[in-house]
Every structure is written in C-alpha cells, then in structure tokens.
Amino acid sequence: MEENQPKTGKFALNYGLLLGGISIVFAFMLYTADMHYQGGIAVMLISIVLMLAAIILALIQFKKTNRGFMSFGQALKIGVGVCLIGGIIGITFNQLMANVIDPDMMTKAMEYQKNQLMETTTMTTEQIDAQMEMGQKFSTPSMQVIFGLIFSLLLGFILTLVPALILKKPENID
C-alpha cells in the first residue's frame, strides 16, 4: 500500500505556492495603500493567519488523500515545506519590491522607524541615529534573504506544531 501513499512534498509545494501567491497579493495591497514599508503588529498578525490557514488546509487535504491517516512527522514536513515555499516567494517579491518597484522602500522604512522611535521612546537623537545605523547593517538584500528564510522556517515549524498534534492519525502497522 505504500506505493499509493501521497507525497508530502506535493502538498507542501501546492499550498506553498498558494501561500506565496496570497502573500504577493497582500504585499501589493500594502503597496497600493503606501503601507508596504511600515510593517507593524497588524501586518504581522495577518501574515501569521495566512500562513496558519495554508498549513491547516494542506494538512487536511493530505489527510483526506491519505485515507484519513497522517503521522506527526508528515504533518511537520508539510507545514514547514508550505512556509518555506511561501517564504521563498514572499522574499523574492519583497526583493523585487525593494529594488525595482519602489527603490526608496528601505529609505522610507528607516525614516518611518526613526520617526516612531522619536515619538515613542526617551532615547536621545544620538542613540536613535546609532540604532538606525546598526539596523542598516542588517537591511542589506543578502541579510534580508537569510533572515527571511530563517524566520519562515522557524515560524512554519512553530505554527505547524499544534495543528500537527491535533490532526495526526498514524496508521497502525502490526
């Protein structure tokens, strides 16, 4: 019966592509509202909900295709794979956005963060400038890609844990 078992990679790829596509639409919506450089808690929460929805859909579809069975390991592979594929697409689009569509995006983001710090903290101007200078070192395209991939994998793993535990139903092999 093992030759009929569905491949976890197929589900990770399909739902990762779906997540990536939805992430691009969401990023483009932020761009049209001129909010693509601001970030914030609302954007982060919406992104997490989108990731979690894609993970859960992928796990449910895999389980249906696999006669109602899914091991915890299979669920983790699918969930992390979905987030990895979606993350690669999202990171690629973000680089396209920052380097082609809106080359001033990073400058806008740094200026926005500086203004936020001036309004919300008691830091001196020198401290804020030092923090902004340190932040620029970590905002190079290569650092954005590296941190983006790490973040996608780590968040994918964390977000998959609970649905994987809830939805798992291993086959009894006697």
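Residues numbered from 1 in each chain as written. Predicted model: local features only at pLDDT ≥ 70, side-chain atom pairs only at ≥ 80, totals over all residues. Heavy atoms only, no water.

**Q** Is there a simple way to think about the overall build of the chain in this case?
**A** A tally of helices and strands in the chain yields 6 helices and 0 strands. Starting at the N terminus and ending at the C terminus, the chain contains elements arranged as α-α-α-α-α-α. A compact globule built from 174 residues should have a C-alpha radius of gyration of about 16 Å, whereas the chain, at 20 Å, is more than 25% larger. Buried residues in the chain amount to 33% of all 174 residues. The long-range share in the chain, meaning contacts at least 24 apart out of those at least 6 apart in sequence, stands at 77%. In the form shown here, the chain has an accessible surface area of approximately 10600 Å², with 67% of it arising from carbon and sulfur atoms. (Helix = DSSP H or I, 4+ residues; strand = E, 2+ residues; numbered from the N terminus. Rg over C-alpha atoms; globule rule 2.2 N^0.38 Å. Buried < 20%, exposed > 50% of the residue type's maximum accessible area, 1.4 Å probe, protein only. Contact = heavy atoms within 4.5 Å. Areas by Shrake-Rupley, 256 points an atom, 1.4 Å probe, with all protein chains shown as cover.)

**Q** Quick question: what am I supposed to make of the environment of Q38 here?
**A** Residue placement: Q38 occurs in the loop between α1 (8-32) and α2 (41-65). Overall, Q38 belongs to the partly exposed group, its relative accessible area being 26%.

**Q** Help me understand the packing of aromatic side chains in this model?
**A** In this description, an aromatic ring pair is defined by two values, namely the gap between the centres and the angle between the planes. Scanning the entire structure with this criterion turns up 2 aromatic pairs. Geometrically, the ring pair formed by F11 and F62 is edge-to-face, given 5.3 Å between the ring centres and 85° between the ring planes. Taken as a pair, F11 in helix α1 and F62 in helix α2 lie far apart in primary sequence, 51 residues in all. Here F11 falls in the buried class, since its relative accessible area comes to 7%. Both rings, one in F28 and one in Y31, keep their centres 6.0 Å apart while their planes meet at 35°; by these two values the pair is tilted. Of this pair, F28 and Y31 both sit in helix α1, 3 residues apart, which is roughly one turn of the helix. Seen from the ring of F11, K10 lies directly overhead, with NZ or CZ sitting 5.7 Å from the centre. (Phe/Tyr/Trp six-rings, centres within 6.5 Å; stacked < 30°, edge-to-face > 60°. Lys NZ or Arg CZ within 6 Å of the ring centre and 35° of its normal.)

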